[in-house]
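Geometric and topological summary
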Amino acid sequence: MTKRKRIGILTSGGDCPGLNAVIRAVVNYATCEYNWEVRGIPYATQGLIERKSVVLNRYGLERHGIDPLLSMGGTILGSINKGDTEAQADEVISGYHDLELDALIAIGGDGSLAILHKLAKKGNMNLVGVPKTIDNDVACTELSVGFNSAVSTILDSLDRLSCTAASHDRVMVVEVMGRTTGHLALHSGIVGGADAILIPEIRYSVSGLCKRIQQLRNLWERKFAIVVVAEGAKTTSGESRSYKDALGEVRLRGIGEYVATEIETTLGVESRATVLGHVQRGGAPSSQDRLLATAFGKTAVDVIAAEDYGKMVAWSNHQVVTVSLEKVFQNSPRLLDPNGFWIETARALGVYLGEESEIHSTCSTSQNGHQDNVNIETPETILN
């Protein structure tokens, strides 16, 4: 008799909408189609270290016949994004084997997936990755779970801030997340009608930014403006804005206040900075993220069935593909192409993005024939 597979699933790194939808898809498909046992690992690698797991099944995820996971934000398994996992590598590996797992699905960003990939190679762990991050900076995939939902959240905030900006003739500077990339700022800025978008991949000047704002006031007689700034954008002198929290962790924050002050000082126009912060991570997943999460979860199970480990599921050209985790980490983080489609579109509409740009490399095609070279700047990045 063939031994029944036991697979584990965990969420690692910062949370985002859509994680529970991935878990739901994995559990439903693995238990119904393959009759596998699925075990949820609480708090990522900490759960492996402590040898903790909980049996997940389709009916256990439902309450009174209602399936809440598609619309539920956060993660029912909990997550961690701190601690030195590599220092406890042997404990993590032993935990995987002590729980008698045949494979592990890890839902994470480039950082946590990179660490788990190293541990998998060292400890003979069968790993499959699912990309999630509101930053959308995981290489070799056009979309990561959580990105679209975060854009929608920012859009709602920009709509609200535009109303109060117009009422008081103010410049509203909105600082969004994104770490060292500008995907979140660019996409939310376009759909939110921003007049300027400042991202890490393109240099800007205070004079150029203020010139655009002044043009709005003089030529169009529009006395307010919306400026979206990625948290990883630098000052004009090339410095990042950050602070150290009470636990000693360095956090990106402050570039929005810097930009607002520079505008106010240069133009004498009242400016206000708003840091959206973790509100971008919360809330129910959008319809697009629910679709993406479901597709990723289903395909991750198929990858295990084919025993094609060391791979990450990815979105490319309207479909889910698999890419080598090794290739992903060689090319992460995925930066914006400063000459890409959405950048050109924003510029064509008069959005200020800066004066100088640098083109960064993207993934190359893998030897296994999978589509690793992802065009990150085409309209096809929207699920159809």
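No experiment lies behind these values; they were computed from the predicted model shown. (Residues numbered from 1 in each chain as written. Predicted model: local features only at pLDDT ≥ 70, side-chain atom pairs only at ≥ 80, totals over all residues. Heavy atoms only, no water.)

**So, the overall build of the protein**
Inclusion rule: Think of it this way: any DSSP run of H or I at least four residues long counts as a helix, any run of E at least two long counts as a strand, and we number them from the N terminus. Taken over C-alpha atoms, the radius of gyration is set against a globule rule of 2.2 Å times the number of residues to the power 0.38. For the exposure calls, accessible area comes from a 1.4 Å probe over protein chains only, and a residue counts as buried if that area is under 20% of its type's maximum, exposed if over 50%, partly exposed in between. By the convention used here, residues are in contact when the closest approach between their heavy atoms is within 4.5 Å. Each accessible area is a Shrake-Rupley result for a 1.4 Å probe, and residues are judged covered by the shown protein chains and nothing else. Positive charge is attributed to Lys and Arg, negative charge to Asp and Glu, and no charge count is given to His or to the chain ends. Lysine's charge is taken at NZ, arginine's at CZ, aspartate's at CG and glutamate's at CD.
Summing up its helical and strand segments, the protein has eleven helices and 15 strands in all. At 22 Å, the protein has a C-alpha radius of gyration in line with the 21 Å of a compact globule built from 384 residues. Its C-alpha atoms give the protein principal-axis dimensions of about 80 × 50 × 45 Å. A buried classification covers 54% of the 384 residues belonging to the protein. In the protein, of all internal contacts separated by at least 6 residues, the share reaching a separation of at least 24 is 74%. Per element, the accessible surface of the protein, about 16,600 Å² overall, is 48% carbon and sulfur. Taken together, the 37 basic and 45 acidic charged side chains of the protein have centroids lying 3 Å from each other.

**Overview of the sheet that holds strand S5 (residues 127-131)**
Operational definition: We treat two strands as partners when DSSP finds at least two bridges between them. Where helices are involved, their axes are fitted lines through C-alpha atoms of the stretch in contact, as for all axes, and angles between N-to-C directions lie from 0 to 180°.
The strand order S3-S2-S1-S4-S5-S13-S14 describes an open sheet built from seven strands, whose pairing is mixed. Among the strands making up the open sheet, the edge pair consists of strand S3 (54-56) and strand S14 (319-324). Between one strand axis and the next, the sheet turns by 30° as a mean value, whatever way the strands run. Across three bridges, the pairing between strand S2 (residues 37-40) and S3 is antiparallel. Within S3, the residue paired with glycine 40 across the bridge is valine 54.

**Things to note about the environment of isoleucine 202**
Structurally, isoleucine 202 can be placed in strand S8 (residues 202-203). Sequence spacing of isoleucine 202 and leucine 336 is 134 residues, and the spatial spacing of their C-alpha atoms is 9.2 Å.

**Topic: the domain arrangement of the protein**
Note on interface size: it is often stated as the accessible area lost on association of the parts. We count it as follows: In this entry, domain limits derive from an automatic or database-based domain assignment. We define buried area as the total accessible area lost by two parts upon association, computed with a 1.4 Å probe and summed across both. Any carboxyl oxygen of Asp or Glu that lies within 4 Å of a side-chain nitrogen of Lys or Arg is treated as forming a salt bridge with it. Polar contacts, as counted here, are pairs of nitrogen or oxygen atoms within 3.5 Å of one another; within protein the pair requires one atom able to donate a hydrogen and one able to accept it, and residues that are adjacent in sequence qualify only if both atoms are side-chain atoms.
When cut into domains, the protein gives domain 1 (4-143 + 284-329) and domain 2 (148-280). Centre-to-centre, using C-alpha coordinates, domain 1 lies 34 Å away from domain 2. At the junction of the two partners, domain 1 supplies twelve residues and domain 2 supplies twelve residues. Taken together, the two surfaces of domain 1 and domain 2 that pack against each other cover about 990 Å², and 46% of this comes from carbon and sulfur. Remark: the boundary between domain 1 and domain 2 carries three salt bridges. The partner of aspartate 110 in a salt bridge is arginine 179, with the nearest N and O atoms 2.8 Å apart. Taken together, the links from domain 1 to domain 2 amount to seven residue pairs in polar contact (both at pLDDT 80 or more).

**Looking at the pattern of salt bridges**
Evaluation of the coordinates by the stated rule reveals 21 salt bridges. In this structure, arginine 6 and glutamate 100 form a salt bridge, with 3.9 Å as the shortest nitrogen-oxygen distance. Separated by 94 residues along the polypeptide, arginine 6 in strand S1 (residues 6-11) and glutamate 100 in the loop between helix H3 (89-98) and strand S4 (103-108) bring together distant segments of the chain. Judged by its relative accessible area of 19%, arginine 6 falls in the buried class. For arginine 170, the salt bridge goes to glutamate 270, with nearest N and O atoms at 3.2 Å. With a gap of 100 residues between them, arginine 170 in the loop between helix H5 (147-168) and strand S6 (171-176) and glutamate 270 in the loop between helix H8 (255-267) and strand S12 (271-275) connect regions that are remote in the sequence. Residue class for arginine 170 comes out buried when judged on its relative accessible area of 17%. Where salt bridges share partners, they join Arg6, Glu37, Arg39 and Glu100 into one cluster.

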